[in-house]
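A closer look at the structure
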Amino acid sequence: MKEIRLAQLVPFLDAELRLSDFSEDESANGLQIEGKAIARKAGLAVDACEYVFREASEKKIDFLLVHHGLIWGGLKSVRGVLRQRIKTLLDAEISLYACHLPLDWHPVYGNNAQLLKLLSIKKMGEFGKYHGRNISYWGRTAKEYSLDEFTARIDRVLNTRTSAVSFGRKVRTVGVVSGGGWFAINEAEKYGIDTFLTGEPSHSAYTLAEEMKVNLVFAGHYATETLGVKAVGDMLRKKFGIETEFIDHPTGL
Ligand SMILES: [Zn+2]
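Before going further, it helps to examine the packing of helix H5 (residues 111-118) against helix H8 (residues 227-240). At a closest axis distance of 7 Å, the pairing of H5 and H8 adopts a crossing angle of 90°. As summarised for this structure, H5 and H8 are arranged roughly perpendicular, according to the angle between their axes. Between H5, through Asn111, Gln114 and Leu115, and H8, the contact on the second element is made entirely by Leu227, Gly228 and Ala231. Its residues assigned to classes, the contact of H5 with H8 shows 3 nonpolar, 3 polar and no charged.

Now for unusual backbone geometry. For glutamate 93, which is not a glycine, the phi torsion comes out positive at approximately 55°. Mapped onto the elements of the fold, glutamate 93 is located in the loop between helix H3 (80-92) and strand S6 (95-98). Overall, the presence of 13 C-beta atoms within 10 Å leaves glutamate 93 in the partly exposed class. The phi torsion at serine 120 lies on the positive side, around 55°, for a residue other than glycine. With respect to the helices and strands, serine 120 occurs in the loop between H5 and strand S7 (121-130).

Okay, the environment of glutamate 58 next. In this structure, glutamate 58 sits in helix H2 (residues 50-58). Once the C-alpha coordinates of glutamate 58 and leucine 216 are considered, the two residues, 158 residues apart in sequence, prove to be 40 Å apart.

Conventions used here
Numbering of residues begins from 1 in every chain and follows the order in which that chain's sequence is written. Reporting in this predicted model follows two pLDDT cut-offs: at least 70 for local features of residues, and 80 or more for side-chain atom pairs to be given and counted; totals over whole chains, interfaces and linings ignore these cut-offs and use all residues. Simply put, an axis is a line fit to the C-alpha atoms, just over the touching stretch for a helix, and the angle between two N-to-C directions goes from 0 to 180 degrees. Where helices and strands are cited, they refer to DSSP runs of H or I of at least four residues and of E of at least two residues respectively, numbered from the N terminus. Should an angle fall under 35 degrees it is taken as roughly parallel, and over 145 as roughly antiparallel, whereas 65 to 115 is taken as roughly perpendicular and any remaining angle as oblique. Contact definition: two residues whose C-beta atoms, as placed from backbone geometry, lie within 7 Å. Each residue is assigned to one class: nonpolar for Ala, Val, Leu, Ile, Met, Phe, Trp, Tyr, Cys and Pro, charged for Asp, Glu, Lys and Arg, and polar for all the others, Gly among them. With C-beta atoms placed from the backbone, a residue counts as buried when 20 or more other C-beta atoms lie within 10 Å of its own, as exposed when 12 or fewer do, and as partly exposed for counts between those limits.

Written out as C-alpha cells, the structure is:
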C-alpha cells in the first residue's frame with residue numbers, strides 16, 4: 001500500500017489548490033489539525049463534523065480533506081461541540097485539511113468547474129465576486145433547455161431535488177455559484193445570464209431575479225459542494241497511489 005508523509009502532502013496541496021490566492025477567506029484554509037506523520041488513506045467530505053470524523057476513524061482514514069473546516073475567523077476557545085470534534089480527531093490521530101473558497105473557484109478541481117463539466121456548460125468567464133475575488137464561472141449550455149428539462153438534468157447528475165423559480169426564460173446562459181451563492185444574482189445582467197444556479201434557496205434573490213427576468217435554480221448547498229473534494233480525492237489517488245474514500249453525509253439542504 002502506498003503512503004505519503006504529511007510534511008510532503010500539505011505543502012503540495014497548499015500550492016496545487018492555490019490557497020495563498022484567497023487570504024481573505026474566513027476559513028483557515030490548509031492543515032487545521034495535525035494527525036499522523038504518515039498518510040495511507042485520505043478521506044474526502046463536505047463538512048467537518050462528528051459524524052464524518054467517526055466514519056473516518058472507522059474507515060482508518062489518516063488524512064481528511066473537507067470543504068467546510070472547523071476553524072473560521074480565528075479560534076477563541078475550544079469548548080462544547082468544537083471540543084468534542086477536535087477530541088475525536090486527536091484521539092484517532094486524523095489530520096484535518098480545509099479548503100473553502102479556493103475549492104469553489106479552482107479551475108480544475110473546484111466545485112463550480114466540476115458542476116459546469118457535469119452539466120455540459122461551456123465555461124465562458126469568471127463570475128460570483130465574493131470578498132473581492134470571483135469564486136465561480138458563467139457559461140453556455142450546448143443547447144437550449146426548458147427550465148424543467150434543465151432542473152431534471154441537475155437532479156439526475158447530482159442526485160438532488162432542485163427547486164426553481166421561473167421568470168419565463170429558456171436556459172442557455174447560466175451563472176453558477178455552489179453553496180450559498182445567492183449574492184451573485186447581482187451580476188446576472190452584466191453577463192447576460194438567463195438562469196442562475198446556486199445551492200441554497202434565498203428569499204433575497206427573488207425580487208432581483210424577477211426584475212432582471214432571470215430564472216432561479218437552487219440545487220442544494222451540500223449537493224453542489226460534493227464535487228470539489230471528490231475531484232481532489234481522484235487527483236490524490238492518481239498522483240500518489242494512496243487509497244481514498246468519500247464520506248457522504250447529505251443534509252438535503
Ligand atoms: Zn459551502
